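Below are the chains, spelled out letter by letter.
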Amino acid sequence: MEWTAERDWPRLASGLAGRLRRDCGAEWDGFIHHPFVRGLADGSLPEAEFRRFLIQDYLYLIQYARAYALAIYKADRLEDMRSASAIVSGLLDTELALHVSYCTGWGLCVEDLQSQPESLELLAYTRFILDRGQAGDLLDLMVTLAPCLIGYGEIGVRLVADPHTRRDGNPYWPWIALYGGEKFIGLVDAGIDTLEALSLRYGADARYPMLLSEFRTAVKLEAAFWHAGRSGAL
């Protein structure tokens, strides 16, 4: 039976997150069913391309932390400030170190990660997020950040559930299992809860066309980011 969000992960199909995901259908499908993702699933993705992607993903995490630091400033409630602060702390103190550790298994040291320039795809994506966060409010910022969190969760769960996903001998299976695992699913659910709470407080219904435009652009840039590993020195 084919995996569907409505049946297997209904949280993805409800509330503001579900509405944005549904109304951005073509772009969303292009993101989660990208050839890069299919290459992860069957193990055919060139390993050099994945290593370059890992470098850009490390650089993305740094900008992701900056976006949540901006969320602290944009928040108008202390609990939102604390929540964003905890995410920044987790990224800087834990997630970046875990990423470095994972990259070590792919023959990459921290100097490799820090010495490479940001790709054009990374520059376009992360600066769009920061620009919308600076120009708008906390809901604008969270909407532009949502495709990354929700999309990686859906990709992971879809691939784990797909019997055609190669497990034995697939060098990308640990990556798939990470994003399709219970811990990351819990982070996605928490992010959906935050987005829904903000949508009620910040009047998402009245400004939905703008939010959809922001989300759609972020999804397109997220899909383009799969190409970040196609060129580079390593």
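Procedures and definitions
Residues numbered from 1 in each chain as written. Predicted model: local features only at pLDDT ≥ 70, side-chain atom pairs only at ≥ 80, totals over all residues. Heavy atoms only, no water. UniProt positions renumbered as here; feature names shortened; annotations may be inferred. Helix = DSSP H or I, 4+ residues; strand = E, 2+ residues; numbered from the N terminus. Expected span 1.5 Å × (residues − 1). Buried < 20%, exposed > 50% of the residue type's maximum accessible area, 1.4 Å probe, protein only. Contact = heavy atoms within 4.5 Å. Polar contact = N/O pair within 3.5 Å; in protein donor to acceptor, adjacent residues only side chain to side chain.

### With respect to the UniProt feature "domain: Thiaminase-2/PQQC" (unreviewed entry) in the protein chain
Now for step 1: According to UniProt, the "domain: Thiaminase-2/PQQC" (unreviewed entry) feature falls on residues 28–228.
Now for step 2: End C-alpha to end C-alpha, residues 28–228 measures 18 Å, and it is 79% helix and 0% strand.

### Overview of helix 8 (residues 120–135)
Now for step 1: Counted at 1.5 Å a residue, the expected span for helix 8 with its 16 residues is 22 Å, and the 22 Å between its end C-alpha atoms agrees.
Now for step 2: Considered for burial, the residues of helix 8 that qualify are Leu122, Tyr125, Thr126, Phe128, Ile129, Leu130, Arg132 and Gly133.
Now for step 3: Looking at the packing, one finds that the buried side of helix 8 touches helix 5 (47–74), helix 9 (138–161) and helix 12 (208–225).

### Quick word on the environment of Trp106
Now for step 1: Its place among the elements puts Trp106 in the loop between helix 6 (78–104) and helix 7 (110–115).
Now for step 2: Apart from the residues lying within four places of it in its own chain, the contact partners of Trp106 are Glu47, Phe50, Arg51, Leu54, Pro171 and Tyr172.
Now for step 3: Within the local environment of Trp106, its side chain forms a polar contact with the side chain of Tyr102, the two groups lying 3.4 Å apart.

### Regarding the side chain of His34
Now for step 1: Residue position: His34 is located in the loop between helix 3 (25–32) and helix 4 (35–42).
Now for step 2: Here the side chain of His34 touches His227 through a polar contact of 3.2 Å, side chain to side chain.
Now for step 3: For His34, the contacting residues outside a window of four places in its chain are Asp29, Ala223, Trp226 and His227.

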